[in-house]
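Report on the structure
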Amino acid sequence: MNTRLIISTFILMILTQSCQVDNEKKYHTITLFESTVKNINYDTQIIGLGEECVDCLPSTISKIQIQNDIIYILDGTLSTMYLFDIDGTFLKKLDCIGQGPGEYLRIRDFNVKGDILYVYDDRMNKLLLYNKTTLDYLETLNSKIYMRGFLPLKNGDFLIVLPKDQGRKQLAIADPLLNIKYDMIDFDKSDKDNRTRYSLLQSTADCITYCKPETNTVYLLSKDNGLLLDTLEIIAEDEKIEINATPLIYKNRLIGVYTNAKQERYFFETFYKQNQASYVIPFKSNENDVETLLNPMSIYKDSIVVSYYDAEAYEYINKIKRLSDRFETLLYDGGYVLGLYSEK
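What counts as what
Residues numbered from 1 in each chain as written. Predicted model: local features only at pLDDT ≥ 70, side-chain atom pairs only at ≥ 80, totals over all residues. Heavy atoms only, no water. Phe/Tyr/Trp six-rings, centres within 6.5 Å; stacked < 30°, edge-to-face > 60°. Buried < 20%, exposed > 50% of the residue type's maximum accessible area, 1.4 Å probe, protein only. Helix = DSSP H or I, 4+ residues; strand = E, 2+ residues; numbered from the N terminus. Contact = heavy atoms within 4.5 Å. Pairing = 2+ DSSP bridges. Axes fitted to C-alpha atoms, helices over the stretch in contact; angles between N-to-C directions. Polar contact = N/O pair within 3.5 Å; in protein donor to acceptor, adjacent residues only side chain to side chain.

What follows concerns the packing of aromatic side chains. Taken as a whole and judged by the stated rule, the model has 5 aromatic pairs. Between Tyr 210 and Tyr 219 the ring centres are 5.9 Å apart and the planes differ by 25°, which places this aromatic pair in the stacked class. Of the two residues examined, Tyr 210 and Tyr 219, each falls in the buried class. Aromatic ring contacts, followed pair by pair, group Tyr 118, Phe 150 and Phe 158 into a single cluster.

The next thing to look at is the environment of Ile 47. Along the chain, the position of Ile 47 falls in strand β2 (residues 42-49). A sequence separation of 41 residues divides Ile 47 from Gly 88, and the C-alpha atoms of the two residues are 5.8 Å apart. Setting aside anything within four residues of it in sequence, one finds Ile 47 in contact with Ile 71, Ile 86, Asp 87, Gly 88, Phe 327, Tyr 336, Val 337, Leu 338 and Leu 340.

Overall, antiparallel pairing links the 4 strands, which are arranged β3-β4-β5-β6 in an open sheet. Across the chains shown, the open sheet's two edge strands, defined by having one partner strand only, are β3 (63-67) and β6 (90-94). Neighbour-to-neighbour, the strand axes of the sheet open up by a mean angle of 20°, direction not taken into account. Where strand β5 (residues 80-85) meets β6, 4 bridges bridge the pair, whose relative direction is antiparallel. Within β6, the residue paired with Tyr 82 across the bridge is Lys 93.

A separate point is the side chain of Lys 223. On the secondary structure map, Lys 223 appears in the loop between β17 (217-221) and β18 (228-236). Here Thr 204 takes part through its backbone oxygen, which lies 2.8 Å from a polar atom of the side chain of Lys 223. Residues in contact with Lys 223, not counting those within four places in the same chain, are Leu 153, Lys 154, Ser 203, Thr 204, Ala 205, Asp 206, Cys 207, Ile 208 and Asp 302.

It is worth spelling out the sheet that holds strand β9 (residues 126-131) at this point. Taken in spatial order, the 4 strands of this open sheet run β7-β8-β9-β10, and their pairing is antiparallel. The strands lining the two open edges of the sheet, one partner per strand, are β7 (107-113) and β10 (137-142). Strand after strand, the sheet turns through a mean of 20° between neighbouring axes, direction not considered. Across 6 bridges, the pairing between β7 and strand β8 (residues 116-121) is antiparallel. Looking across to β8, one finds that Asn 111 is bridged to Tyr 118.

Right, let's get into the pairing of strand β21 (residues 253-260). In terms of burial, β21 is a largely internal element, 8 of the 8 residues being buried. What you see with β21 is no split at all: Arg 253, Ile 255, Val 257 and Thr 259 on one side and Leu 254, Gly 256, Tyr 258 and Asn 260 on the other are buried throughout. Summarising the sheet, strand β19 (residues 241-243) and β21 pair through 3 bridges and their orientation is antiparallel. If you follow Glu 242 over to β21, its bridge partner there is Thr 259. Relative to β21, strand β20 (residues 248-250) runs antiparallel, the two sharing 3 bridges. Bridge pairing in β21 links Leu 248 to Ile 255. From the end of β20 to the start of β21, which pair antiparallel, there are 2 residues, and Lys 251 there has a positive phi angle of about 60°. Sheet topology note: the β21/strand β22 (residues 265-271) ladder contains 7 bridges and is antiparallel.

Here Asp 122 lies in the loop between β8 and β9. A distance of 2.7 Å separates polar atoms of two side chains, one belonging to Asp 122 and the other to Arg 106. Apart from residues lying up to four places away in sequence, Asp 122 is in contact with Arg 106, Arg 108 and Tyr 146.

Looking now at the pairing of β7. Across the 7 residues of β7, 6 count as buried, placing the element largely inside the fold. Counted along the chain from β7 to the antiparallel partner β8, the turn is 2 residues long, and its residue Gly 114 has a positive phi close to 60°.

Residue placement: Arg 148 occurs in the loop between β10 and β11 (149-152). Residues Arg 148 and Pro 163, 15 residues apart in the sequence, show an inter-C-alpha distance of 6.2 Å.

This is how it looks when you write it as structure tokens:
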């Protein structure tokens, strides 16, 4: 069963309501209960990428963001950024591998804010800034510390995920020149490094989520200044679990994937601030790599969940809902399809 299509199917189960950050409660526990969700009302928009130019497609999709109706996709394998319009038409790509001005050796993470595309090169430890539309090079910010991921904050600072071997805590707030102001959330001695192929930070409508791999704790942080707002401990009845990738918050639900002690993997959605029973969607996928189970997913316009699938994944989902001949042809020719899911 292909991961990306299970993801697409699961997103269809997202329900209604609103996520608001509770500033008075800094820590609480959410217990997951296996259940079934029925009578789901959703709207789905399907976007085919690069129908006119299959050669203009990424080899892999490591991260997706959509801003002002432009789709930004990172191909982490080739360290190349691809831009498409909201209809899926290829616009241009950023492919500047090298060591000169405006060039990089490897893209670890990217984010779009305002008019700027921020790209972090973890080989040369620098943040490169480009015009988000023209991809013209603007400037470079050299970092004194290595990052596992980053997000620009509303106040101009940066929220940074730190590796374990630098003698600091898990997260840091840096000023606009990448000078560390302070760090937060201690590493435990048993913690592994913050190493993953995908972004460890998810920007949602009201907050940022962060979850270090192979733990069951999710941190909610302010989009304004990066301060810690809330801490969620996710547990399951009668078994130990580990969350596999940083979950999304959609409306009032936390969406993610966990692995139990038997190495069985489940999708879950849980009410964010309610102490009653939460939902667990019992999709198992023991054959797939842990890191591929959730990402890349993102939130568009604060209310639309974005995911994707390819031809291999479509072999599963077409048993549930077939696409048009147009999109089927695109997939079988090596293209991708994005799914945008929103409540009715």
